[in-house]
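Here's the letter readout for the chains.
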Amino acid sequence: MRLRRANAESTVEAMNALVLTDYLKLELQQVPTPQPGPGEVLIHIAACGICGSDVHGFDGSSGRRIPPIIMGHEGAGTIAAIGPDVAGWSVGDRVTFDSTIYCGQCDFCRAGQVNLCDARQVIGVSCADYRRNGAFADYVVVPARVLYGLADTLPFDEAAMIEAVSVALHAVVISGFAAGQTAVVIGAGMIGTLIVQALRVAGAGHILVADLDPSRLAEAKCSGAHTLINPNDGSQTVTQVLNQIPAGVDHAFEAVGASATVKQAIAAVRKGGTVTLVGNIAPQVEIPLQSVVTRQIRLQGSAASAGEYPRAIELLASKQIDVRPLISTIQPLSKGPEAFQRLHSHEPNLIKVILTPDA
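This report concerns the structure included in the present document. All chains use their own residue numbering, which begins from 1 and follows the written sequence. Confidence filtering applies because this is a predicted model: local features only for residues at pLDDT of at least 70, side-chain atom pairs given and counted only at 80 or more, and all residues used for totals across whole chains, interfaces and linings. Excluding hydrogens and water, the side-chain figures rest on all heavy atoms present in the structure.

1. Some thoughts on the overall build of the chain
Here is step 1: For helices the rule is a DSSP run of H or I covering at least 4 residues; for strands it is a run of E covering at least 2, with both sets numbered from the N terminus onward. Looking only at helices and strands, the chain has 11 helices and 22 strands in total.
Here is step 2: Residues classed as buried in the chain amount to 52% of the 359 residues present.
Here is step 3: Summarising the internal contacts of the chain: among those between residues at least 6 apart in sequence, 68% fall at separations of at least 24.
Here is step 4: Of the accessible surface of the chain, which amounts to about 14,900 Å², a share of 50% is contributed by carbon and sulfur atoms. Three labels apply to residues, based on accessible area from a 1.4 Å probe with only protein chains included: buried if under 20% of the type maximum, exposed if over 50%, partly exposed otherwise in between. Residue contacts are defined here by distance: any two heavy atoms, one from each residue, within 4.5 Å place the two residues in contact. Surface exposure here means Shrake-Rupley accessible area, sampled with a 1.4 Å probe, where a residue is shielded only by the protein chains that are shown.

As structure tokens, this is what we get:
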């Protein structure tokens, strides 16, 4: 493959890629380097985070990573080559990219709801409808329309967290949250903890967080949570919420994706409150319908992000949102299989793993 570079041409025939060859099996392979087509760019990946959805793809539980597939959608790097019909970008530019590939032409895209695009695809996902290789590799190809530039002062490992930050920001935006309101976040994983930071930035009056992992709760406290709830301590999530906010919180953010925690979120909000569903693991959950109807609870789904990347970059650059404490370890791509096993086994104190190309 011939890469168009700034001052010279170079040939990169093959690249390293972490391939999900079967469920629970990852292999570092040499695969052909992708070629950017019209409107596309080739990015030399500098860092890519392992998302919780990748871990659920790894074990097959989500059904959204059908082998063989190169996963990874939380990436950042530099432009290595530019395809035809691309303007405004140059080889060497530091960039990240939206994980959602949208068409830009449908009614949803024209309305700014790119996350609901009729032709939506996600980088690093393979399902019944499409297969698009991701960024657990030396290079990835993406449409130029999903690119965002990065300042030289933002490290690539932090930039690899922009996608996750945008998801958290989107959840808070779409919930209708207003400054001074109260909220409970159920599930203090990566997205849940970033929702805590997004709520803090939005001026939350009181933030409660529930999780079974003490180390995650500790990080949520550092991120701005006021009250921590650990059901393993005998604390009942809903009881503890109502002890702090007797009428119930204004908003609940469910970042797990299970029937039990969805029910807790519904029970924890006040009459007329909003439950924003962010967790997306179980295909189906049960809800207490009468409680939702008679208390006029609003159930709001939140999918990916839609225009929050610039704000996410701004908040990271200004350190109003700080992702550095959430990065547990940075490992070379060749250590990817081990990193996935550690995450899959729920190793304590392991929140975010960033993979980088081998030297």
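Moving on from the coordinates now.
2. Regarding helix H6 (residues 214-223)
Here is step 1: Turning to H6, its buried residues number three or more, namely Leu217, Glu219, Ala220 and Ser223. Along the long axis of H6, the arc covered by the buried residues comes to 160°, so they all point the same way. Turned more than 90 degrees away from the buried face of H6, the exposed residues are Pro214 and Cys222.
Here is step 2: On its buried side, H6 packs onto helix H5 (190-201), strand E16 (206-210) and strand E17 (227-229).
Here is step 3: Positioned one or two residues after H6, Gly224 has a phi angle of 130°, which is positive. Within this analysis, the arc is defined by the directions that extend from the helix axis to the C-beta atoms.

3. Thoughts on the environment of Asn280
Here is step 1: Inspection of the secondary structure puts Asn280 in the loop between strand E19 (269-277) and helix H9 (289-294).
Here is step 2: Sequence separation of Asn280 and Ala267 is 13 residues, and the distance between their C-alpha atoms is 20 Å.
Here is step 3: Look past the residues within four positions of Asn280 in its chain and what remains in contact with it is Val256 and Gly257.

4. A few points about the sheet that holds E19
Here is step 1: Any two strands between which DSSP finds at least two bridges are classified as paired. Across the sheet, which stays open at both edges, the six strands sit in the order E17-E16-E15-E18-E19-E20 with parallel pairing between neighbours. Taken across any chain shown, the strands that pair with only one partner, and hence form the sheet edges, are E17 and strand E20 (298-301). Averaged over all pairs of adjacent strands, the angle between strand axes in this sheet comes to 20°, irrespective of strand direction.
Here is step 2: For E16 and E17, the ladder comprises three bridges, and the chain directions are parallel. Within E17, the position partnered with Ala210 by the bridge is Ile229.
Here is step 3: Against the sheet, H5 contacts strand E15 (182-186), E16 and strand E18 (249-254), and its axis sits at roughly 170° relative to E15. Lines fitted to C-alpha atoms define the axes, with helix axes restricted to the stretch in contact, and inter-axis angles between N-to-C directions lie between 0 and 180 degrees.

5. Thoughts on the side chain of Gln300
Here is step 1: You can see Gln300 is positioned in strand E20.
Here is step 2: Classification of Gln300 by relative accessible area gives buried; the value is 16%.
Here is step 3: Throughout this description, a polar contact denotes any pair of N or O atoms lying within 3.5 Å of each other; where both atoms belong to protein, one of them has to be capable of donating a hydrogen while the other can accept it, and for residues adjacent in sequence the pair is counted only when both atoms sit in side chains. Side chain to side chain, Gln300 and Arg298 meet in a polar contact 2.7 Å long.
Here is step 4: Setting aside its immediate chain neighbours within four residues, Gln300 contacts Ile174, Thr274, Val275, Thr276 and Leu277.

6. Some remarks on the side chain of Thr193
Here is step 1: Summarising the element assignment, Thr193 is placed in helix H5.
Here is step 2: Excluding its chain neighbours within four sequence positions, the residues that come into contact with Thr193 are Ala188, Glu219, Ala220, Ser223 and Leu326.

7. Considering the packing of H5 against H6
Two measures define how a pair of helices packs: the angle their axes make with one another and the distance between the axes.
Here is step 1: Where H5 contacts H6, the two axes come as close as 9 Å, and the packing angle between them is 15°. Judged by the angle between their axes, H5 and H6 are roughly parallel. The handedness of the crossing between H5 and H6 comes out as right-handed. For the pair H5 and H6, the contacting residues are Thr193, Val196, Gln197 and Arg200 in the first and Glu219, Ala220 and Ser223 in the second.
Here is step 2: When the residues that make up the contact of H5 with H6 are grouped by side-chain class, the tally is two nonpolar, three polar and two charged. Any angle that falls under 35 degrees is termed roughly parallel, while one over 145 is termed roughly antiparallel, one within 65 to 115 roughly perpendicular, and all others oblique. The sense of a crossing depends on the near helix, which, turned anticlockwise from the far helix by less than a right angle, makes the crossing left-handed and, turned clockwise, makes it right-handed. Gly is placed with the polar residues, together with every amino acid not listed as nonpolar (Ala, Val, Leu, Ile, Met, Phe, Trp, Tyr, Cys and Pro) or charged (Asp, Glu, Lys and Arg).

8. With respect to the nonpolar core
Here is step 1: Put simply, buried Ala, Val, Leu, Ile, Met, Phe, Trp, Tyr and Cys residues joined by side-chain atoms within 4.5 Å make one nonpolar core. Within the largest apolar cluster, 50 residues are counted, with the highest numbers of intra-cluster contacts made by Val41, Ile43, Ile50, Phe97, Phe136, Val142 and Phe340.
Here is step 2: Those residues in contact with Ile43, other than ones at most four positions away along the chain, are Gly77, Thr78, Ile79, Ala80, Val95, Phe97, Asp138, Tyr139, Val140, Val142 and Leu147.
Here is step 3: Of all hydrophobic cores here, the second largest spans 45 residues; its members include Val165, Ala171, Ile313 and Val323.

9. Describing the pattern of salt bridges
Here is step 1: Note on definitions: salt bridges are taken to be side-chain nitrogens of Lys or Arg within 4 Å of carboxyl oxygens of Asp or Glu. In the structure shown here, the tally under the stated rule is 10 salt bridges.
Here is step 2: Measuring nitrogen to oxygen at the nearest pair gives 2.9 Å for the salt bridge that ties Glu158 to Lys319. With a gap of 161 residues between them, Glu158 in helix H3 (residues 156-159) and Lys319 in the loop between helix H10 (309-317) and strand E21 (327-332) connect regions that are remote in the sequence.
Here is step 3: Taking the relative accessible area as the measure of exposure, Glu158 reaches 6% and is therefore buried.
Here is step 4: The class of Lys319 is partly exposed, set by a relative accessible area of 36%.

10. Topic: the environment of Ser305
Here is step 1: Structurally, Ser305 is set in the loop between E20 and H10.
Here is step 2: The exposure class assigned to Ser305 is buried, which follows from its relative accessible area of 2%.
Here is step 3: Sequence separation between Ser305 and Val167 is 138 residues; the distance between their C-alpha atoms is 5.1 Å.
Here is step 4: Residues within four places of Ser305 in sequence aside, it is in contact with Asp98, Val114, Asn115, Ser166, Val167 and His170.
Here is step 5: Side-chain polar atoms of Ser305 contact the side chain of Ser166, separated by 3.2 Å.

11. So, a nonpolar patch on the surface
Here is step 1: Put simply, a patch holds well-exposed residues, over 30% relative accessible area, that have no salt bridge, with like charges counted together within 9 Å and Val, Leu, Ile, Met, Phe, Trp or Tyr side chains within 5 Å. Where nonpolar side chains cluster on the molecular surface, the patch consists of Val285, Ile287, Leu289, Val293 and Leu299 and spans about 410 Å² of accessible area.
Here is step 2: For Leu289, the location among the structural elements is in helix H9.
Here is step 3: The class of Leu289 is exposed, set by a relative accessible area of 54%.

By themselves, these figures tell us nothing about what the structure is for.
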